[in-house]
Amino acid sequence: MAKADKVRVNREIRSDTVRVVQPDGEHDVVDLDTALERAREHELDLVEIAPEADPPVCKIIDYGKYRYKQQKQEKRQRKRSKSMQMKELRFRPRTDDHDYEFKKNHARDFLEDGNKVKAYVQFRGRDIIYKDQGMDLLRRLIEDLQDLARIDQAPQMEGRRMTTILAPHKKNK
């Protein structure tokens, strides 16, 4: 919709000469007044299609239909593009093996669905002295999920949290 808003129509066109594409497909370079007169003869609008060209390319078309097609295409593109979400997993420095496996399987599911995973180890109170255990836990998670994910952010300390972000591998289509 942003591009459709920037399209110049009829008298909004700034160039003195334009390459005009007529409804039957023929095109030639003429001055703006002649191009506008041709559009009036066909009872259509003169729409600037390629403003960066030299001279700018304008088409004689129905602007309402043009906008409608543009909006439909943008809607289709938005529908096709999948938004990626960030899912979070929280660990403690001494997380048990069963809990680790359970959370690792959740991370695997999230990555298979195409979401990013933010895994962090929360240090509370005197847990902060076990930074090495937190780092080992995140490295183990990265290693276990390397078939599905790549590292977006390496493990690092953020206050009392050690955080890493994993993103799914790009799928080859």
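Residues numbered from 1 in each chain as written. Predicted model: local features only at pLDDT ≥ 70, side-chain atom pairs only at ≥ 80, totals over all residues. Heavy atoms only, no water.

S.K.: Is there a simple way to explain the overall build of the protein chain in this structure?
M.R.: Assigned secondary structure in the protein chain consists of 5 helices and 8 strands. Seen in sequence order, the protein chain has helices and strands lined up from the N terminus as α-β-β-α-β-β-α-β-α-β-α-β-β. Whereas a compact globule of 173 residues would reach a radius of gyration of roughly 16 Å, the protein chain reaches 28 Å, over 25% beyond that. Here the C-alpha coordinates of the protein chain stretch approximately 80 × 30 × 20 Å along the principal axes. Burial analysis of the protein chain (173 residues in total) assigns 37% to the buried set. Long-range contacts, defined here as pairs at least 24 residues apart, represent 56% of the contacts in the protein chain between residues at least 6 apart. Put simply, the protein chain has 39 plus and 33 minus side-chain charges, and the middle of one group is 7 Å from the middle of the other. (Helix = DSSP H or I, 4+ residues; strand = E, 2+ residues; numbered from the N terminus. Rg over C-alpha atoms; globule rule 2.2 N^0.38 Å. Buried < 20%, exposed > 50% of the residue type's maximum accessible area, 1.4 Å probe, protein only. Contact = heavy atoms within 4.5 Å. Lys, Arg positive; Asp, Glu negative; His and termini not counted. Charge placed at Lys NZ, Arg CZ, Asp CG, Glu CD.)

S.K.: Where do I start with the pairing of strand S5 (residues 86-91) in this structure?
M.R.: When a strand is regular, its side chains alternate between the sheet's two faces. In terms of strand pairing, S5 meets strand S6 (residues 116-122) through 6 bridges, oriented parallel. Within the sheet, the bridge partner assigned to Lys87 lies in S6 and is Val117. Taken together, S5, helix H4 (residues 97-112) and S6 form a β-α-β motif whose crossover is right-handed. (Pairing = 2+ DSSP bridges. Right-handed = clockwise from strand over helix to strand, strands pointing away.)

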